[in-house]
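# Close look at the chain arrangement
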Amino acid sequence: MKVDWKWFAIVMMAVVIVALLQRGCRGPGETVRVTTVTRTDTLHVTDTVFFPAPYLVTYPVTMPADIDTAAVIRDYYSRKSYTIPYADTAVKAVTDITVTGNAVERVTLDWELLNKTTVTTRTVRTEPKLAVTIGGGLTFSIPDRKPGFEFVVGVNIRRNQVYAGYDFVNMTPRIGWQYQIFRN
């Protein structure tokens, strides 16, 4: 079989020119990391109770010791605040108690229902839209019963591959197209 070198050279040059022109149009393959953060609302409630009445009062019958009157009066008019925290996996609470004049002036319960925060990270890898391939391979001519070696140049555009090659031993050109069915 005689090879028409003129047409083969024109096809090979067209493939190389298209590949070189498209090379400037494509950006490199990029890996984009997309992070999605989902936060559910936390319920925050503050309850206040003013001037509660005692449900039980016990008075001592006798005084066990001498009394410092100034200390008792200073203690009576002083304001004392107490904080009682509580934390769990489902709730976080703080009780604030204020005592004035030996009486509870204010009780505040501040609590939050804690909900789980979900963070989802997704990695998206973009594929280049155009690639130029070059390679070679071993061939076998069935009519001539002769092995050969071929040189191949190709262009990948998305899932399509167009290639042209030449077998130097059997002196036969090859032009082809392939479509990529599966991707991982």
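No experiment lies behind these values; they were computed from the predicted model shown.

Conventions adopted
- Starting from 1, residues in each chain are numbered consecutively following that chain's sequence as written.
- Reporting in this predicted model follows two pLDDT cut-offs: at least 70 for local features of residues, and 80 or more for side-chain atom pairs to be given and counted; totals over whole chains, interfaces and linings ignore these cut-offs and use all residues.
- Values shown for side chains rest on all heavy atoms present in the structure; no hydrogens or waters enter the calculation.
- Pairing of aromatic side chains here covers Phe, Tyr and the six-membered ring of Trp, requires ring centres within 6.5 Å, and sorts the geometry by plane angle: under 30 degrees stacked, over 60 edge-to-face, intermediate tilted.
- Buried, partly exposed and exposed residues are distinguished by accessible area as a fraction of the type maximum, computed with a 1.4 Å probe on protein chains only: under 20%, between the cut-offs, and over 50%, respectively.
- For two strands to be treated as a pair, DSSP must find at least two bridges joining them.
- Numbering goes from the N terminus for both helices and strands, where a helix is a DSSP run of H or I of at least four residues and a strand is a run of E of at least two.
- Axes, fitted as lines to C-alpha atoms, cover a helix only where it is in contact. Angles between the N-to-C directions of the axes lie from 0 to 180 degrees.

## Digging into the packing of aromatic side chains
In the structure shown here, the tally under the stated rule is three aromatic pairs. With a centroid separation of 5.4 Å and 80° between ring planes, the pair formed by Y166 and F168 is classed as edge-to-face. Classification of F168 as exposed rests on a relative accessible area of 52%.

## Digging into the sheet that holds strand β7 (residues 130–141)
Reading across the sheet, the four strands line up as β7-β8-β9-β10 and stay open at both edges, with antiparallel pairing between neighbours. Both outer strands of the open sheet, β7 and β10 (172–179), are each paired with one neighbouring strand and no more. The sheet shows a mean angle of 20° between the axes of neighbouring strands, direction not considered. Where β7 lies against strand β8 (residues 146–157), twelve bridges are found, and the strand directions are antiparallel. Residue pairing for β8: F140 is matched across the bridge by P147.

## Quick notes on unusual backbone geometry
Even without glycine at this site, R145 takes up a positive phi of about 50°. Summarising the element assignment, R145 is placed in the loop between β7 and β8. Although it is not a glycine, M171 sits at a positive phi angle of roughly 55°. Note on placement: M171 falls in the loop between β9 (160–167) and β10.

## Digging into the pairing of β10
In the sheet, β9 pairs with β10 via eight bridges, with the strands oriented antiparallel. Bridging from a neighbouring strand, V162 pairs with W177 of β10. The hairpin formed by β9 and β10 contains four residues between the paired strands, and M171 there has a positive phi angle of roughly 55°.

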